[in-house]
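Topology and contacts: notes
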Amino acid sequence: MVEINTIKNKLKREELYQKQKNAKAKAKRDRRTTLQKEESSNPEKKEKRLAENVPNTLENTREFDETIVEEDAEVAADEATDEFSQYFQNGLTPKILITTSKGPSASVYEFATELVDIFPNTHFVKRKAQFEMKHIIEFSKNRDFTDIMVINEDRKEPNGLTLIHLPDGPTAHFKLSSIQLSKDIEGHGRTSSHKPELILNNFNTRLGHTIGRMFTTLFPHVPEFQGRQVATLHNQRDFIFFRRHRYVFKNAKRVNLQELGPRFTLKLKWLQKGTFDRKGEHEWMFKPEMETSRRRFFL
Amino acid sequence: MSSQRFYTGDEQGLVKVVTITEPVVVKPKRVRRNQPTPEALPNPVPTVETWGIPDREKAIQLLCWDSEKKHLAVARKNGLVQLLDPKDGTVTTEFKHTLGKEGKIDTVFVGLFASSESVITCTSTGRLVVQSIADHSKTTVLEVGKDICRMRVHPREHHIVATGGKEQELTLWDLKALIKDPAAEEETPEPATKKGKKNSKKAAPAPTPAPAKGEPEVRYKSKDILANGQIFKAKNVKNDYLDLRVPVWNTDLQFLNQYDTSRIAVGTRHHQIRVYDVKSGARRPAVDAEVGEMPVVAMANGKDGSEIIFSDTVTNVYSVDTLTGAIIGQYKGFTGVATALATFNPFENDSAAHLVTVAMDRCLRVHEMTKTRKLLHKVYLKQRMTAVVVGEYTPAEIAEDEEDGVVSSKKKRAEGGEGDDDENDDDLWESMGKLEDKKSKKRKLAKE
C-alpha cells in the first residue's frame with residue numbers, strides 16, 4: 001500500500017484519496033445497516049449498546065469529592081437541626097421580602113416583578129437609601145419574614161442576588177446572569193397564582209445540600225398541582241439554571257411543557273454563616289485559585 | 001509508620017479524634033536496569049473516631065489540654081466545662097456554668113485553660129472563673145470587663161492571664177494577687193483600691209511583673225491606671241491623621257514567648273496585628289501593622305515567637321513577622337474561614353513545624369511551615385469545625401524499621417561484628433551512586 005501523501009502527482013493523489021474515502025464511508029454504512037438489521041430483530045441489543053455507549057462529559061468525569069452526601073447518619077443529624085429546620089421540621093410557611101440595591105434602575109424593577117411572580121407569599125419593598133442591610137434584616141425579623149432577597153445591579157442590569165435566611169442565616173450570594181424575562185421568551189404562557197412544584201437537580205455535595213435546602217425553603221411545602229406549574233433549579237457545573245414550566249397534558253400518556261419564564265442563571269459566590277454582615281465569617285467563598293481544573297465542582 | 005493525632009471540636013458537640021498516619025519512607029534501593037521501579041505505597045487514609053452524640057446545644061466552643069496533657073478540657077455552648085480522658089473520651093470531671101444571654105446575643109466562652117489543679121474559664125461578659133478540680137465548690141469569680149473576645153493564660157506562668165475585647169485594651173492580670181485581694185477589700189471598703197493595689201504589689205511574686213514594676217512604670221505613670229491585680233494595661237494607639245480616636249476591638253491574642261510574658265501579639269477586628277512589649281514599659285504596641293482587609297478570627301504562634309499565623313473572615317490564612325508586622329506568606333487551600341489554628345513539631349528532631357487548622361468548610365488541614373507552605377493533609381470531618389488541639393505523636397515502631405535492609409546492616413555494624421566487615425563494605429559501596437560532574441554530563445548530552 002502506497003502512502004497517499006507521498007504520491008507526487010496531484011491528480012493521482014486526488015483520485016486515490018477519493019477512492020479511499022469512499023471505501024471508508026461504505027464500510028461505515030455497511031456496518032450501520034447490519035447493526036440496524038440486527039437490532040431491529042433484537043431490541044435488547046440496541047438497549048445494551050445505548051446503555052454502554054455513554055460519552056465522557058465534564059460532569060461524569062468530575063474530580064472525586066469526598067463531601068458528596070450519600071446515606072450518612074451524621075450529616076442527617078446535622079441537617080435535622082440546622083438553620084432550616086424550622087421549615088422542614090415545624091412546617092413554617094415561607095414569607096419572602098424582595099428588595100433591591102440602593103437607587104435601582106428600571107430593569108431591576110422588571111426582574112423583581114418576575115421574582116415576586118415566581119415565589120408565593122412575597123412582598124416587594126422599595127429600597128430606601130437611609131436603611132442599611134442590618135436594619136432591613138431587623139425589620140424583617142420583627143415582621144416574621146423567613147427570607148430576604150436583594151437584587152444587585154451593575155450598569156443598570158441585575159448582576160447579583162443575595163439570599164438571606166432569617167432569623168439565623170445563612171446568607172448566600174449568587175452571580176446573576178443570562179436573564180430572559182417572560183416577555184422575551186417566545187411562546188411563553190401566562191402564569192397563575194398557584195403554588196408551584198419545585199424540582200432541584202444535582203445538588204450533591206455538602207455545600208450543594210445547604211444551597212438546595214435554602215432554595216427549598218423559598219417555596220411552600222405543598223404545591224397546588226391543579227396549577228400544573230413547576231419551577232426548576234438545575235445545577236450543572238456549579239451554574240444553577242432557573243426555568244419555569246407548565247405541564248400540558250395531551251392525553252393519558254403524552255405531556256408537553258410550556259415555558260412560563262423567566263430564565264436566569266445563578267452561580268454561588270459565597271456562603272456566610274449568620275445573617276448578612278460585611279465582616280461576617282464565610283462558610284464557603286469562591287476564589288479564582290480554587291479553579292484548578294475544569295472537572296472540579298463544588299455544588 | 002508514625003502517626004499524629006488531633007482532637008477537634010465542632011458545632012454539633014462532637015469531639016473527633018483524627019489520626020493521620022505518615023506513609024512509610026522507603027529509601028530507594030538501587031534498581032537494576034531491567035528491574036521495574038517499585039511502586040510507591042499509597043498514602044494511608046486518616047482515621048476519624050467520634051465521641052459524643054450530635055446536639056447543637058452542646059456545641060464545642062473551646063478545647064485545650066491541661067498543663068500535664070492528661071486531660072482534654074472542653075467548653076460547650078450550654079455552659080458545660082468537661083475534662084475528658086484522651087484515650088476513650090469518657091468524662092472525668094464536669095462543671096456547669098450559667099452563660100445566659102446578653103440582649104439578643106448568646107454569651108460564649110472566650111477563654112479556657114486547665115492546669116492540674118484548676119480550670120480557668122472566661123465568658124464574653126467578662127466573668128473569669130477559677131474552678132478547683134479537686135474541690136468542686138471551690139470557685140473564684142472575677143470580673144475582667146465586658147465584651148471580652150479572648151482570654152489566654154500564659155503556658156508556663158499559670159497565674160498570668162491576658163484579656164482583650166471590644167473596647168477592651170489588652171490587659172495582663174495576676175491571678176495570685178487578684179485572688180488574695182477580696183479579703184483585704186472587705187475589711188476596709190472605702191480605701192480598698194489603694195490598699196488592694198499595695199497588697200497586690202506585695203503579693204505578686206518576682207517572675208514577670210518585676211519589669212513592669214520597675215522604673216519604666218513610674219516614668220509612664222501607669223501606676224495610677226492599673227487596677228487590682230493588673231500587671232499591664234495597654235493604651236490605645238495614637239489618633240489617626242484626622243486626629244480621630246482609633247476604635248479598639250481585639251479579637252485574639254497570643255503570648256509570643258513561652259518563658260516570660262514580655263511579648264504579646266494581638267489581632268484586631270480592624271485587621272491589625274499588634275505586638276506589645278510589656279518589659280519595655282511602653283503601653284502602646286511596639287509593632288502595629290495593618291494586614292489584609294478583613295477582621296482577624298484566630299491566631300497561632302509560629303516558631304520561636306518571630307512569626308504569627310492568623311486567619312481572617314474571608315478564608316485567608318497569613319503568616320506575619322512579629323518584628324516588622326509584614327506578611328511573610330499565605331497558606332492556601334482554604335474554602336471556609338479557619339476557626340482554629342495550632343502549630344506543632346511533627347517529629348522531635350525535625351526543624352520544620354506543621355500548622356493544623358480546622359475551618360467552617362468542615363475540613364481539617366495540615367500545612368508544612370516551610371517556604372513552600374505545602375498542604376500535606378486534608379480531612380473532611382462533616383461538621384463546621386470550631387476547635388482543634390494537637391494530640392500525641394506515635395513514632396514509628398522499631399520492628400518495622402528492621403525490615404529495611406539499610407537499617408539492619410547499620411545495626412550489625414553498631415554491634416561491631418568483625419567478620420561481617422567486608423560484606424558491609426561491599427554493601428556500602430553498592431549503596432553509593434556513581435558520581436559524575438556536571439560538565440561531563442553536559443558533554444555526553446552534546447555528543448548524543
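What counts and what doesn't
Residues numbered from 1 in each chain as written. Chains lettered and ligands numbered in written order. Predicted model: local features only at pLDDT ≥ 70, side-chain atom pairs only at ≥ 80, totals over all residues. Heavy atoms only, no water. Helix = DSSP H or I, 4+ residues; strand = E, 2+ residues; numbered from the N terminus. Buried < 20%, exposed > 50% of the residue type's maximum accessible area, 1.4 Å probe, protein only. Contact = heavy atoms within 4.5 Å. Areas by Shrake-Rupley, 256 points an atom, 1.4 Å probe, with all protein chains shown as cover. Salt bridge = Lys/Arg side-chain N within 4 Å of Asp/Glu carboxyl O. Pairing = 2+ DSSP bridges. Axes fitted to C-alpha atoms, helices over the stretch in contact; angles between N-to-C directions. pLDDT = per-residue confidence, 0-100. Nonpolar A, V, L, I, M, F, W, Y, C, P; charged D, E, K, R; others polar. Buried area = accessible area lost by both parts, 1.4 Å probe. Phe/Tyr/Trp six-rings, centres within 6.5 Å; stacked < 30°, edge-to-face > 60°. Lys NZ or Arg CZ within 6 Å of the ring centre and 35° of its normal. Parallel < 35°, antiparallel > 145°, perpendicular 65-115°, else oblique. Left-handed = near helix turned anticlockwise from the far one by under 90°.

Describing the overall build of chain A
On a plain count of helices and strands, chain A comes out with seven helices and 11 strands. Across the 299 residues that make up chain A, the buried fraction comes to 40%. Restricting to contacts in chain A with at least 6 residues of sequence separation, those with at least 24 account for 65%. Entry remark: accessible area of chain A is about 17,700 Å², with carbon and sulfur atoms responsible for 51%.

Some words on the pattern of salt bridges
All names here are of chain A. Following the criterion strictly, the structure yields 35 salt bridges over all chains and no others. In this structure, the salt-bridge partner of lysine 102 is glutamate 132, at a minimum N-O distance of 2.9 Å. Taken as a pair, lysine 102 in the loop between strand 1 (96-100) and helix 5 (106-118) and glutamate 132 in the loop between strand 2 (122-124) and helix 6 (133-142) lie far apart in primary sequence, 30 residues in all. Residue lysine 102 is classed as partly exposed on the basis of its relative accessible area, which comes to 36%.

Quick word on the sheet that holds strand 25 (residues 327-331) of chain B
Residue and element names in this part refer to chain B. Strand order across the open sheet formed by four strands is 22-23-24-25, with antiparallel pairing between neighbours. Among the strands making up the open sheet, the edge pair consists of strand 22 (296-301) and strand 25. Neighbour to neighbour, the strand axes of the sheet diverge by 25° on average, direction disregarded. Sheet topology places strand 23 (residues 307-312) next to strand 24 (residues 317-321); five bridges connect them, and they run antiparallel. Bridge assignment links glutamate 307 to a residue of strand 24, and that residue is aspartate 321.

Considerations on the confidence of the model for chain B
Across chain B, the average pLDDT comes to 80, with 75% of residues at or above 70. In this model, residues 183-218 of chain B is a region of pLDDT below 50 whose contacts with residues beyond four sequence positions or in other chains number 43 contacts.

Considering the packing of helix 1 (residues 10-41) of chain A against helix 2 (residues 43-52) of chain A
All names here are of chain A. The interhelical angle for the contact between helix 1 and helix 2, taken along N-to-C directions, is 115°, at an axis separation of 5 Å. The segment helix 1 lies against helix 2, with Leu35, Glu38, Glu39, Ser40 and Ser41 engaging Pro43, Lys45, Lys46 and Arg49. Here the contact of helix 1 with helix 2 is built from residues that sort into two nonpolar, two polar and five charged.

Some remarks on the side chain of asparagine 236 of chain B
All names here are of chain B. Looking at the element boundaries, asparagine 236 is found in the loop between strand 17 (230-233) and strand 18 (250-255). Since its relative accessible area comes to 15%, asparagine 236 is described here as buried. Beyond its immediate stretch of four places on either side in the chain, asparagine 236 contacts Glu169, Arg245, Val246, Val248 and Arg284.

A word on the sheet that holds strand 6 (residues 80-84) of chain B
In a beta sheet, neighbouring strands are held together by backbone hydrogen bonds and run either parallel or antiparallel to one another. Residues and elements named next belong to chain B. Taken in spatial order, the four strands of this open sheet run 4-5-6-7, and their pairing is antiparallel. Strands at the two margins of the open sheet, each flanked by one partner only, are strand 4 (60-65) and strand 7 (91-96). Direction aside, the axes of adjacent strands within the sheet are offset by 15° on average. As defined by bridge partners, strand 5 (residues 72-76) adjoins strand 6 across four bridges and the pair is classed as antiparallel. Bridged to leucine 72 within strand 6 is leucine 84.

Notes on the interface of chain B and chain A
In this complex, chain B contributes 31 residues to the contact, which on the side of chain A involves 26 residues. Of the roughly 2,500 Å² buried at the junction of chain B and chain A (both faces included), carbon and sulfur atoms supply 43%. Summed over the three residues of chain B that lose the most area to chain A, namely Thr335, Met360 and Tyr380 of chain B, the buried surface amounts to 23% of that side. Summed over the shared surface of chain B and chain A, the number is 10 salt bridges. Here lysine 382 of chain B makes a salt bridge to aspartate 72 of chain A, at a shortest N to O gap of 2.8 Å. For the side of chain B that touches chain A, the per-class residue count stands at 10 nonpolar, 10 polar and 11 charged.

Description of the packing of aromatic side chains
Residue and element names in this part refer to chain A. The final tally for this structure, using the stated rule, is 16 aromatic pairs over all chains. Each ring, one from phenylalanine 242 and one from phenylalanine 264, has its centre 4.8 Å from the other, and the planes form 10°; the classification is stacked. Here phenylalanine 264 lies in strand 10 (residues 263-272) and phenylalanine 242 lies in strand 8 (residues 239-249), a separation of 22 residues in the sequence. Residues phenylalanine 242 and phenylalanine 264 agree in their burial class; the two are buried. An aromatic cluster is built from Phe111, Phe242 and Phe264, whose rings are joined through pairwise contacts. Against the face of phenylalanine 239 rests lysine 267, its NZ or CZ located 5.4 Å from the ring centre.

Observations regarding the packing of helix 3 (residues 73-80) of chain A against helix 7 (residues 206-216) of chain A
Residue and element names in this part refer to chain A. Orientation of helix 3 relative to helix 7, taken along the N-to-C sense of each, is 30°, at an axis distance of 12 Å. The orientation of helix 3 with respect to helix 7, classified from their angle, is roughly parallel. Crossing of helix 3 against helix 7: the hand is right-handed. The segment helix 3 lies against helix 7, with Val75, Asp78 and Glu79 engaging Arg206, His209 and Arg213. Classifying every residue of the contact of helix 3 with helix 7 gives one nonpolar, one polar and four charged.

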